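Examination of the molecular architecture
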Amino acid sequence: MNNRWRKFDATLDVPALMDYFRLVVQRETRTFICYQIGKEQYIVIRTELGYRYYKPSGPKTKLTAFDFILERLSRTDAEARTGLWTKVEDFYTELEKKPEFFLNNGSKNSLEIVDIDFNHFETLNEELSLRPKSLGGDGSDIFKDRIYENPEGRLYFPYRNLANTLTGYAMEKDGKLSLIAESDISKSVWFSKVPDTIKHLVVLRNPMEAMAFHRRFQLEDVVYLTISKINYETSKLLVQILKRTKLKKMVLSFTGSSKIEGYIHDLMLISFINDSRFLFRVGKDHLAVRFDPEGQKPLAKLHNEVLKYNGSLAKEYIKYNKVPDQSLLNRKSIVLTKEKQWVSCRIPFEVNALRYFLWSYYRNYMDKTVEIVKPVHANWRLEFEANGVYVGTEKLKAFRMAV
């Protein structure tokens, strides 16, 4: 063993360490204890190998006492000249003098021994008396074992990470998602049943939108996937799932309480998918975007489309005012500027400007990966309530984003 501190992992009392570092017990059962500090949670279990713990976002990764001590000491203030490994050594030296931190007798073992693969989220459906939701109707089996309900009829949705590990449930509450217990979906997605043949991968904001989208179009051979937390991990997870399906494109259809909210979600996801090539920031009255032009041809097309939008904005203004207010027009125009190898773009918070830029960017830069479809209404739930099942022949093509 090239780490002498790890020899203590089998005998250290991890709950005592959690208490020492002032973590607070949130929930305790016969098989686990949930601790919290700040926004972070730790699930402590007892195994044949001693105490272990895991983070709710990654239940498959079981960590040891050493991992916990190292994490806490890495965040602890110390003398500027004290190195990390010196802090660790000093801590263990003091620890050996304190028997209360060691499992010297069985009376301290309050938790039942569980398997090293234990995941407490897998027991939540029993704890909450959840049963699979039967939706009825054509194609409803694609949601089999993907939607649950409690005895009162409230809907619950299981989220899984890239390792296909359950990381918790989100519950529908007043049309929004609310996390249950220690659930962490920051690195996870919800998805429908995977058919033998996949023709469509449709990405939405939440499972309720997926249900409404399916009622509207009743697609076959489709996988619905929802990202409720748009970040680096979930965007990379999405790209990996797209590769596994071997599809050329995914259908992106983020929505919200307003159309602007949906466009912002689209741009946010694009920024993570494109990683360092597309940077995105929300300002007070505008969005600021910086991106790699990736050659002159797509940039020239984007530039011409922005000029076309700004020109139509000025032309519309002249319909109602004889003299243009250039200061006002500049504030509401899309502004592109070249900065060395980057292109900066300022997009005002206005629904047409956001829609136009999003359409122009994905058309010129992401057309091989993404197809964006949008409802006429703010979201697919309202769309279905207003218009019911789509009876046309074009289906998704009829709702393809266009300006």
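Please read these numbers as outputs of a predicted model, since none were measured by experiment. (Residues numbered from 1 in each chain as written. Predicted model: local features only at pLDDT ≥ 70, side-chain atom pairs only at ≥ 80, totals over all residues. Heavy atoms only, no water.)

**Here's the deal with the overall build of the protein chain**
Cut-off, in case you're wondering: Each helix is a run of H or I in the DSSP string that is no shorter than four residues. Each strand is a run of E no shorter than two, and both are numbered from the N terminus. For this analysis, residues touch if any pair of their heavy atoms sits within 4.5 Å. Only the protein chains shown count as cover for residues, with accessible areas throughout obtained via the Shrake-Rupley method and a probe of 1.4 Å. Working convention for charge: Lys and Arg count positive, Asp and Glu count negative, and His plus the chain ends are omitted. Here the site of a charge means NZ on Lys, CZ on Arg, CG on Asp, or CD on Glu.
Looking only at helices and strands, the protein chain features eleven helices and 18 strands. Dimensions of the protein chain along its principal axes, counting C-alpha atoms only, are 85 × 60 × 35 Å. Put simply, of all contacts in the protein chain between residues at least 6 apart along the chain, 61% involve residues at least 24 apart. When the accessible surface of the protein chain is totalled, it reaches about 21100 Å², and 49% of it is carbon and sulfur. With 64 positive and 51 negative side-chain charges, the protein chain shows a separation of 7 Å between the mean positions of the two kinds.

**Quick word on helix H6 (residues 232–245)**
Rule in force here: Working rule for helices: expected span equals 1.5 Å times residues minus one. Only protein chains enter the area calculation, which uses a 1.4 Å probe; residues under 20% of their type maximum are buried, those over 50% are exposed, and those in between are partly exposed. When we speak of the arc, we mean the arc of directions from the helix axis to the C-beta atoms. Two N or O atoms form a polar contact when they lie within 3.5 Å of each other; inside protein one atom must be a possible hydrogen donor and the other a possible acceptor, and for residues adjacent in sequence the pair counts only when both atoms belong to side chains.
Look at H6: 20 Å from first C-alpha to last across 14 residues, which is about the 20 Å you get at 1.5 Å a residue. All of the buried residues along H6 are Thr234, Ser235, Leu237, Leu238, Ile241, Leu242 and Thr245. The buried residues of H6 occupy an angular sector of 155° when projected down its axis, which confines them to one face. In H6, those exposed residues whose orientation departs by more than 90 degrees from the buried face are Lys243 and Arg244. Residues of H6 that are buried make contact with strand S7 (155–160), strand S11 (200–204), strand S12 (222–226), strand S13 (250–252) and helix H7 (259–273). Between the side-chain oxygen of the N-cap and the backbone nitrogen of Glu233 there are 3.2 Å, and the N-cap of H6 in question is Asn231. Just downstream of H6 lies Lys246, where phi reads positive at about 65°.

**Some details on the packing of aromatic side chains**
Given two aromatic rings, one states the distance between the centres and the angle between the planes to describe the pair. Put simply, the rule reads: For this analysis, a ring pair means two rings from Phe, Tyr or Trp (six-membered ring only for Trp) whose centres lie within 6.5 Å, classed as stacked if their planes differ by under 30 degrees, edge-to-face if by over 60, and tilted for the remaining angles. Here, a charge over a ring is recorded when the distance from Lys NZ or Arg CZ to the ring centre is within 6 Å and its angle to the ring normal is within 35 degrees.
One pass over the structure, following the stated rule, counts 34 aromatic pairs. Ring geometry for Trp5 versus Tyr92: centroids 6.5 Å apart, planes at 25°, classification stacked. In this pair, Trp5 sits in the segment before helix H1 (14–20) while Tyr92 sits in helix H3 (residues 84–95), placing the two residues 87 residues apart along the sequence. The class of Trp5 is buried, set by a relative accessible area of 13%. On the basis of relative accessibility, which here comes to 2%, the residue Tyr92 falls in the buried class. Note on Phe291 and Tyr365: the rings are 5.7 Å apart at their centroids and 70° apart in plane angle, and the pair reads as edge-to-face. Residue Phe291 is located in strand S15 (residues 286–291), and its partner Tyr365 is located in helix H10 (residues 351–365); the two are separated by 74 residues in the primary sequence. For the pair shown, Phe291 and Tyr365 are each scored as buried. For the cation-ring pair, Arg216 lies above Phe217, with the distance from its terminal atom to the ring centre recorded as 6.0 Å. Between Arg290 and the ring centre of Trp342, over which it is positioned, the NZ or CZ distance is 4.7 Å.

**Remarks on the environment of Lys338**
Along the polypeptide, Lys338 turns up in strand S16 (residues 335–339). Assessed through its relative accessible area of 48%, Lys338 is described here as partly exposed. Among all residues touching Lys338, those that are not within four sequence positions of it are Pro293, Leu299 and Val343. A polar contact is formed between the side chain of Lys338 and the backbone oxygen of Lys340, at a distance of 2.6 Å.

**Let's talk about the sheet that holds S13**
Let me state the cut-off plainly: A pair of strands is considered paired only if DSSP assigns at least 2 bridges between the two. Here an angle of 0 to 180 degrees is reported between the N-to-C directions of two axes, which are lines fitted to C-alpha atoms, with helices fitted over the stretch in contact.
Read across the sheet, five strands follow the order S10-S12-S11-S13-S18 without closing on themselves; strand pairing throughout is mixed. Single-partner strands in this sheet number two, and they are strand S10 (190–191) and strand S18 (370–372). Pairing geometry for S11 and S13, over two bridges, is parallel. Paired with Val203 across the bridge in S13 is Leu252. Contacting S10, S11 and S12, helix H5 (residues 207–217) runs over the sheet at an angle of about 150° to S12.

**Some thoughts on the pattern of salt bridges**
Going by this rule: What counts as a salt bridge is simple: a side-chain nitrogen of Lys or Arg found within 4 Å of a carboxyl oxygen of Asp or Glu.
Tallied over the full model, the rule gives 23 salt bridges. Linking Asp67 and Arg6 is a salt bridge whose minimum nitrogen-to-oxygen distance equals 3.1 Å. Of the two residues, Asp67 sits in helix H2 (residues 65–74) while Arg6 sits in the segment before H1, which places them 61 residues apart along the sequence. The salt bridge partner of Arg75 is Glu71, with a shortest N-O separation of 3.8 Å. When salt bridges with common partners are traced through the structure, they connect Glu40, Lys55, Glu71, Arg72 and Arg75 into a single cluster.

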